[in-house]
Each structure stands twice: as C-alpha cells, then as structure tokens.
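A structural walkthrough
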Amino acid sequence: MSQGKFITLEGIDGAGKSTQLAWIADFLQRRGVNVVVTREPGGTQLGEKMRALLLDTRLTMHPETEVLLMFAARREHLDKVIFPALARGDWVVSDRFTDASFAYQGGGRQVNSTKLENLEQWVQGVFQPDLTLYFDVSVALGQQRTASIKPADRFEQEQTEFFQRTRAAYLTRVEKYPERIHLIDASRPLQKVHEAVRDTLEILFFQK
Ligand code: TYD
C-alpha cells in the first residue's frame with residue numbers, strides 16, 4: 001500500500017482556514033481518499049491538554065516555553081496520529097503544523113529561528129508536508145474576521161504588530177519553500193478561494 005499524503009493549512013488568525021479545511025476533506029473524500037482531519041496544537045489527548053494551556057488567556061509563559069510546548073504536542077501528534085495514518089495509506093489534513101511555529105513563535109514572538117530549526121530537526125527529522133496551503137489575508141482583514149466569532153484566545157488577543165510579524169514570517173517561508181508552500185489569496189470571496197484550492201489539489205495530486 002502506498003504512503004498517504006500530508007497536507008497542512010496555514011495562515012494568520014481570521015484567514016478562513018477552518019472553512020477551507022472542511023471543504024478540502026470533503027473534496028478528497030469524493031475522490032476516494034481516506035482522510036484524517038486533525039489540528040495543531042492538539043490532535044491527541046495529551047496535545048489537546050497542551051493546547052488548552054497554550055491558548056489560556058489567564059496564563060503567561062516565556063516565548064521559549066511556548067515553543068517547547070508546541071513541539072512537544074507535535075512530537076505526540078506525529079507519533080500517535082500523523083505517521084500511523086500515512087503508513088495506512090490515509091491522507092492527513094492538519095489545521096496548522098511547523099510553519100505556524102516559525103510564523104507565530106519565530107515571527108510574532110521573535111524567538112531565534114536556529115532554535116526552531118533545531119527543534120524541527122529533533123522532532124521530525126527531514127519529514128515535511130507534501131503540500132502546505134498558506135491562506136493569505138491582510139492583518140486588518142484577519143482581525144475583522146476574528147473579532148465577531150468567539151472570545152479571543154491567548155494569540156488572538158495580541159496586537160496588530162504581532163500579526164504583522166507573523167504574516168511577514170509566513171510570506172518569507174512561502175518564498176523559501178515555493179515547491180511545498182502554495183499561497184492562496186484568501187481575501188477573495190469564499191467560492192473563489194475554494195476554486196483556487198481545488199485547482200491546486202487537482203494539479204498536484206489528481207492529474208492523469
Ligand atoms: P487556530 O488554529 O487559529 O484555531 P482556532 O481556529 O480554533 O482559533 O488556533 C491555534 C493558535 O495557535 C493560533 O493562534 C496559532 C497558534 N499556533 C502557534 O502559535 N504556533 C504553532 O506552532 C501552532 C501549531 C499554532
């Protein structure tokens with residue numbers, strides 16, 4: 001049996017990833033693929049507990065503690081969910097993965113990127129997603145979209161400058177890994193974004 005594909009979704013808060021995630025899972029299932037939908041931080045019992053700590057607005061933590069928790073949750077996620085699913089031949093679609101650590105902790109919190117690279121190497125070796133869809137929106141649009149949905153978590157309550165650094169770090173990664181990371185302009189109407197996602201998936205995975 002062949003190994004499944006690993007697809008990750010990225011973007012600043014309010015980019016519309018969650019809506020796209022459900023749509024992508026449905027799209028893949030219609031093409032006969034077994035899909036595992038998951039998320040980071042989280043995706044496992046232990047990881048979801050770490051997520052609760054990471055998003056808790058009542059807690060403060062050192063930026064490097066935040067990094068270590070993100071990668072600890074990721075180690076668990078790879079071991080318990082991602083690797084077994086791919087080995088079964090399932091496809092895994094994850095709402096965020098390591099690019100988020102480079103964007104939020106590296107960009108937003110300004111943690112030294114060499115430290116992040118060392119942890120990446122430690123936790124996942126050379127393993128990378130087959131495809132990363134980066135949903136790009138301006139910080140203003142992201143904030144507008146998150147404002148009304150639910151109470152802000154520990155990241156969503158950050159200032160505009162934090163998200164500007166986060167978005168800039170994502171854009172740097174898009175330039176650095178053009179083969180893997182595909183930028184989708186997510187400021188457009190939902191239908192247009194779906195079409196862009198569909199075209200990317202078709203070309204990469206389903207063209208005869
Ligand atoms: P998010 O994926 O946006 O979930 P929801 O749609 O439920 O708000 O929330 C997860 C938050 O975690 C998000 O603000 C980004 C942050 N995050 C990091 O800072 N670093 C990481 O490595 C990951 C995976 C997420």
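Here we summarise the structure given alongside this text. Source: prediction; values computed, not measured. For every chain, the first residue of the written sequence is number 1, and numbering continues from 1 along that sequence. Where totals are concerned, whole chains, interfaces and linings use all residues; where local detail is concerned, this predicted model gives features only for residues with pLDDT of at least 70, and gives and counts side-chain atom pairs only at 80 or more. The basis for every side-chain value is the complete set of non-hydrogen atoms in the structure, without hydrogens or water.

A few words on the layout of surface pockets. For each structure, a 1 Å grid was placed over the protein atoms alone; sets of points admitting a 1.4 Å probe that cannot get out are labelled cavities, open sets with protein on both sides within 12 Å along at least five of seven lines are labelled pockets, and lining residues have an atom within 4 Å of a point. Grid points are joined across faces, edges and corners, and a volume is the space filled by probe spheres set on the points. Looking at the largest pocket, its volume works out to about 840 Å³. Lining the largest pocket are 39 residues, and of these Asp13, Lys17, Ser18, Arg96 and Glu156 sit closest to its centre. Strands are runs of DSSP state E lasting at least 2 residues, helices are runs of H or I lasting at least 4, and numbering of each runs from the N terminus. By residue number, the principal contributor to the lining of the largest pocket is helix α1 (residues 17–30), which donates 5 residues. Classification used: nonpolar for Ala, Val, Leu, Ile, Met, Phe, Trp, Tyr, Cys and Pro, charged for Asp, Glu, Lys and Arg, polar for all others including Gly. Residues that form the lining of the largest pocket fall into these classes: 18 nonpolar, 8 polar and 13 charged. A volume near 160 Å³ is recorded for the second largest pocket.

A few words on the packing of helix α4 (residues 98–108) against helix α5 (residues 113–124). In this analysis, axes come from line fits to C-alpha atoms, helices being fitted only over the stretch in contact, and the angle between any two N-to-C directions falls in the range 0 to 180 degrees. Their axes nearest at 10 Å, the elements α4 and α5 cross at an angle of 160°. Between α4 and α5, the crossing angle belongs to the class labelled roughly antiparallel. As α4 runs across α5, the sense of the crossing is right-handed. When α4 is examined against α5, the residues Thr98, Ser101, Phe102, Gln105 and Gly106 are found in contact with a partner set consisting of Ser113, Leu116, Glu117, Glu120 and Gln124. The residue inventory of the contact of α4 with α5, partitioned by class, reads 2 nonpolar, 6 polar and 2 charged. Note on angle classes: values under 35 degrees are labelled roughly parallel, values over 145 roughly antiparallel, values of 65 to 115 roughly perpendicular, and the remainder oblique. In this scheme, a crossing is called left-handed if the near helix is turned counterclockwise away from the far one by less than a right angle; it is called right-handed if the turn is clockwise. Only heavy atoms matter for contacts: two residues are in contact if any of them lie within 4.5 Å across the pair.

Attention shifts here to helix α3 (residues 63–88). The span you would expect from a helix comes to 1.5 Å times its residue count less one. Look at α3: 36 Å from first C-alpha to last across 26 residues, which is about the 38 Å you get at 1.5 Å a residue. One axis is fitted to the seven residues ending at the residue and one to the seven starting there. The bend at that residue is the angle between these axes. Approximately 50° is the largest bend angle found in α3, and it occurs at Leu78. Immediately downstream of α3, the backbone of Gly89 shows phi near 95°, a positive value.

What follows is about the side chain of His194. The residue His194 is located in helix α8 (residues 190–206) in this model. Accessibility expressed as a relative area gives 8% for His194, which makes it buried. Discounting chain neighbours no more than four positions away, the residues touching His194 are Gln20 and Trp23. Buried residues are those whose accessible area, probed at 1.4 Å on protein chains only, stays under 20% of the maximum for their type, while exposed residues exceed 50% and partly exposed ones sit between those limits.

What follows is about the packing of α3 against α5. The interhelical angle for the contact between α3 and α5, taken along N-to-C directions, is 20°, at an axis separation of 10 Å. With respect to their mutual orientation, α3 and α5 come out roughly parallel. Two packed elements cross with a definite hand, and for α3 against α5 that hand is right-handed. Counted together, Glu64, Val67, Leu68, Phe71, Arg74, Arg75 and Leu78 of α3 and Lys115, Leu116, Leu119, Glu120, Val123 and Gln124 of α5 form the full contact between these two elements. Looking at side-chain class alone, the contact of α3 with α5 contains 7 nonpolar, 1 polar and 5 charged residues.

The near set for a molecule or strand comprises every residue that places at least one heavy atom within 4 Å of it. Arg51, Arg96, Ser101, Tyr104 and Gln105 are the nearest of the 18 residues found near the ligand. Identification of polar contacts relies on pairs of N or O atoms within 3.5 Å, with a donor-acceptor requirement for protein atoms, meaning one able to donate a hydrogen and the other able to accept it, and with residues adjacent in sequence counted only if both atoms are side-chain atoms. Contact between the ligand and Arg51: an oxygen atom at 3.1 Å from a side-chain N or O atom of the residue. Burial of the ligand by the protein chains amounts to 91% of its free accessible area of 560 Å². Counting residues per element, the ones that place at least two in the shell around the ligand are α1, α2 (45–55), α3 and α4. Sort the elements by how many residues they give to the shell around the ligand and α4 lands first, with 4 residues. When its residues are assigned to classes, the shell around the ligand shows 6 nonpolar, 3 polar and 9 charged. Each accessible area value is a Shrake-Rupley result obtained with a 1.4 Å probe; residue values ignore everything except the protein chains displayed when judging cover.

Function-wise, these values are silent; they only describe arrangement.
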